[in-house]
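Close look at the chain arrangement
One letter stands for each residue in the lines below.
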Amino acid sequence: KAGVTQTPRYLIKTRGQQVTLSCSPISGHRSVSWYQQTPGQGLQFLFEYFSETQRNKGNFPGRFSGRQFSNSRSEMNVSTLELGDSALYLCVSTPGAEGTEAFFGQGTRLTVV
Amino acid sequence: QKEVEQNSGPLSVPEGAIASLNCTYSDRGSQSFFWYRQYSGKSPELIMSIYSNGDKEDGRFTAQLNKASQYVSLLIRDSQPSDSATYLCAVIGGSYIPTFGRGTSLIVHP
């Protein structure tokens, strides 16, 4: 059974640019959650998609957006990049119901210069 | 605001000792509890899950859950230097999304 796949693994972007990150969950999992991890803030919840709908949202500005496709793959987009957006972006795959385990992707390391 | 609290550490233990990591949570409706290990620069890796009160053992790891007191702990027996990492506690409640603590840094010294 394949794990959670995130692409790309590393990105370097310039301030003001935009970026799109991808996450393919475990087969059969319908929920994908996105987190930003920085040394000072820990894991910060961005949003969760379930069955192509945003079901939960964290406290991030509108520059951060996402979507989910019918095959459960999810993309996250960050527009007008700022230096503070440099972080490890992690997606988490779950079936989307109770009593279930959550698995991380390998993460995308984004550096904004 | 659902919160998961962990002591940031670092927790330093000698090789061969028992490391005890603790976590408290605020949402009484939480149903699922997890411990992840994260090495520096890497993605978190699931090491234990627990869903009911009591102890659950897996090799050198034991997870303990007490829903009445709203805490979950992880014991690592015979700690090894390779156990040195940050340990994240995660809780899933009615929203079905994990809420994470900020992690406890564990250092196992030879």
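Below is a short write-up of the structure. (Residues numbered from 1 in each chain as written. Chains lettered and ligands numbered in written order. Predicted model: local features only at pLDDT ≥ 70, side-chain atom pairs only at ≥ 80, totals over all residues. Heavy atoms only, no water.)

Side note on the pattern of salt bridges
Our working rule: One speaks of a salt bridge when a side-chain nitrogen belonging to Lys or Arg is within 4 Å of a carboxyl oxygen belonging to Asp or Glu. Relative accessibility under 20% of the residue-type maximum defines a buried residue, over 50% an exposed one, and the middle range a partly exposed one, all with a 1.4 Å probe and only protein chains included.
Counted under the stated rule, the structure contains eight salt bridges over all chains. Two residues, Glu75 of chain A and Arg67 of chain A, come together in a salt bridge whose shortest N-O distance is 3.2 Å. Classification of Glu75 of chain A as buried rests on a relative accessible area of 15%. Arg37 of chain B is the partner of Glu45 of chain B in a salt bridge, and the nearest nitrogen-oxygen pair spans 3.0 Å. Exposure remark for Arg37 of chain B: the relative accessible area of 13% places this residue in the buried category. Each of Arg63, Glu82 and Asp85 of chain A takes part in one network of salt bridges that share partners.

Thoughts on the nonpolar core
Under the convention used in this document: Throughout, nonpolar core names a set of buried Ala, Val, Leu, Ile, Met, Phe, Trp, Tyr and Cys residues whose side chains join them through atoms within 4.5 Å. Secondary structure elements are defined from DSSP: runs of H or I of at least 4 residues count as helices, runs of E of at least 2 residues count as strands, and each element is numbered from the N terminus. By definition in these notes, contact holds between two residues if any of their heavy atoms fall within 4.5 Å.
With 23 residues, the main nonpolar core has Trp35, Val72, Leu74, Ile76 and Tyr87 of chain B as its most contacted residues. Taken together, the elements giving at least two residues each to this core come down to strand 3 (19-25), strand 4 (32-38), strand 5 (45-50), strand 7 (61-66), strand 8 (71-76), strand 9 (85-92) and strand 11 (104-109) of chain B. Those residues in contact with Leu74 of chain B that sit more than four places away from it in its chain are Ala19, Ser20, Leu21, Trp35, Ile47, Met48, Phe61, Thr62, Ala63 and Tyr87 of chain B. Counting residues in each nonpolar core, the second largest holds 21 residues, with Val19, Cys23, Phe60 and Leu110 of chain A among its members.

So, the state of the cysteines
Rule in force here: Criterion for a disulfide: a pair of cysteine sulfur atoms at a distance within 2.5 Å.
Per the counting criterion, the structure on display carries two disulfides over all chains. Note on cysteine connectivity: Cys23 of chain A is disulfide-linked to Cys91 of chain A, with sulfurs 2.0 Å apart. Between Cys23 of chain A and Cys91 of chain A the sulfur-sulfur dihedral comes to about 70°; the bridge is accordingly right-handed. Pair noted here: Cys23 of chain A is in strand 3 (residues 19-24) and Cys91 of chain A is in strand 9 (residues 87-94), with a separation of 68 residues, a long-range link. Cys23 of chain B shares a disulfide with Cys89 of chain B; S-S distance 2.1 Å. Judged by the sign of its S-S torsion, about -70°, the cystine formed by Cys23 of chain B and Cys89 of chain B is left-handed. Pair noted here: Cys23 of chain B is in strand 3 and Cys89 of chain B is in strand 9, with a separation of 66 residues, a long-range link. Each member of the pair, Cys23 of chain B as well as Cys89 of chain B, is classed as buried.

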